[in-house]
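Read off the chains here:
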Amino acid sequence: MEKLYDSGKARAIGVSNFSSKKMEDLLAVARVPPAVNQVECHLIWQQDKLRKLCHSRGVHLSAFSPLGSPGSPLPGIISVLSNPIVISVAEKLQKTPAQVALRWGLQMGQSILPKSTNEARIKENFDIFDWSIPKDLMAELSGIKQACLKSQHMFLPMSHVIDLSSMFVTSTTWK
Ligand SMILES: NC(=O)c1ccc[n+]([C@@H]2O[C@H](COP(=O)([O-])OP(=O)(O)OC[C@H]3O[C@@H](n4cnc5c(N)ncnc54)[C@H](OP(=O)(O)O)[C@@H]3O)[C@@H](O)[C@H]2O)c1
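Quick caveat, the model's predicted, so the values are computed rather than measured.

Notes on the site of the ligand
In step 1: Taken together, 25 residues lie around the ligand, and Phe-64, Leu-67, Gly-71, Ala-98 and Ser-116 are the ones closest in.
In step 2: Per element, the largest residue contribution to the shell around the ligand is 3 residues, and it comes from helix α6 (residues 119–126).
In step 3: Partitioning the shell around the ligand into residue classes produces 9 nonpolar, 13 polar and 3 charged.

Quick look at the structure:
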């Protein structure tokens with residue numbers, strides 16, 4: 001990747017699913033540091049440690065599954081959108097839980113990559129730029145109990161693991 005960068009064929013290098021440990025290992029040897037690290041990041045997996053590390057080293061954090069992947073067929077998935085704190089904040093702001101989840105991501109300084117195939121939800125997801133979550137409600141959101149979606153699926157039967165790899169794994173590493 002550094003050779004491609006040197007040749008001008010790549011304008012920047014990006015990585016995905018790099019934990020703090022992997023990012024530190026990479027930064028210790030990279031001549032061209034990554035511009036971005038795309039990771040699972042949402043209200044139930046807020047990635048505080050990784051965000052601080054990336055910020056301190058000039059690496060942009062980009063959040064996949066910012067809504068917590070609500071339509072996922074995976075068993076036992078923890079729901080961001082039905083979390084009582086998220087619902088309560090949404091009610092106070094007269095916004096939807098999805099809008100709160102996305103706006104929180106923007107206010108934390110990350111880019112967000114929500115996916116929707118539904119026109120009304122795409123519009124809803126765009127309507128997050130002319131309002132903000134006040135400090136006291138951001139503090140409430142930071143108190144949400146944390147759980148990584150991926151970690152819930154690390155010990156599934158092989159049939160699920162095969163499905164998972166086609167859904168989630170790109171050219172990346174998780175640990
Ligand atoms: N780098 C990686 O390893 C990695 C891993 C996973 C995902 N990703 C990328 O991250 C992006 C999003 O990930 P994701 O699809 O897992 O998670 P997501 O955006 O958190 O969730 C998508 C789900 O949320 C639903 N949804 C969208 N807007 C909604 C709203 N306003 N209210 C209620 N439900 C809503 C969608 O259903 P409808 O379509 O029916 O609206 C869809 O089922 C994708 O582009 C994906 O490729 C990257």
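Re the pairing of strand β3 (residues 60–64)
In step 1: Both strand β2 (residues 36–40) and β3 contribute to a ladder of 5 bridges, which runs parallel. Paired with Val-39 across the bridge in β3 is Ala-63.
In step 2: Running through helix α3 (residues 48–56), the crossover from β2 to the neighbouring parallel element β3 is right-handed.
In step 3: For β3 and strand β4 (residues 111–113), the ladder comprises 3 bridges, and the chain directions are parallel.

Section: α3
In step 1: If you check which residues of α3 are buried, you get Leu-50, Arg-51, Leu-53 and Cys-54. Taken around the axis of α3, the buried residues stretch over an arc of 165°, which confines them to a single face. Opposite its buried face, α3 presents the exposed residues Asp-48, Lys-49, Lys-52 and Ser-56, each directed more than 90 degrees away.
In step 2: Those residues of α3 that are buried are in contact with α2 (20–29), β2 and β3.

Criteria and cut-off values
- Residues numbered from 1 in each chain as written.
- Predicted model: local features only at pLDDT ≥ 70, side-chain atom pairs only at ≥ 80, totals over all residues.
- Near = placed C-beta within 6 Å.
- Helix = DSSP H or I, 4+ residues; strand = E, 2+ residues; numbered from the N terminus.
- Nonpolar A, V, L, I, M, F, W, Y, C, P; charged D, E, K, R; others polar.
- Pairing = 2+ DSSP bridges.
- Right-handed = clockwise from strand over helix to strand, strands pointing away.
- Buried ≥ 20, exposed ≤ 12 C-beta atoms within 10 Å, placed from the backbone.
- Arc of directions from axis to C-beta.
- Contact = placed C-beta atoms within 7 Å.

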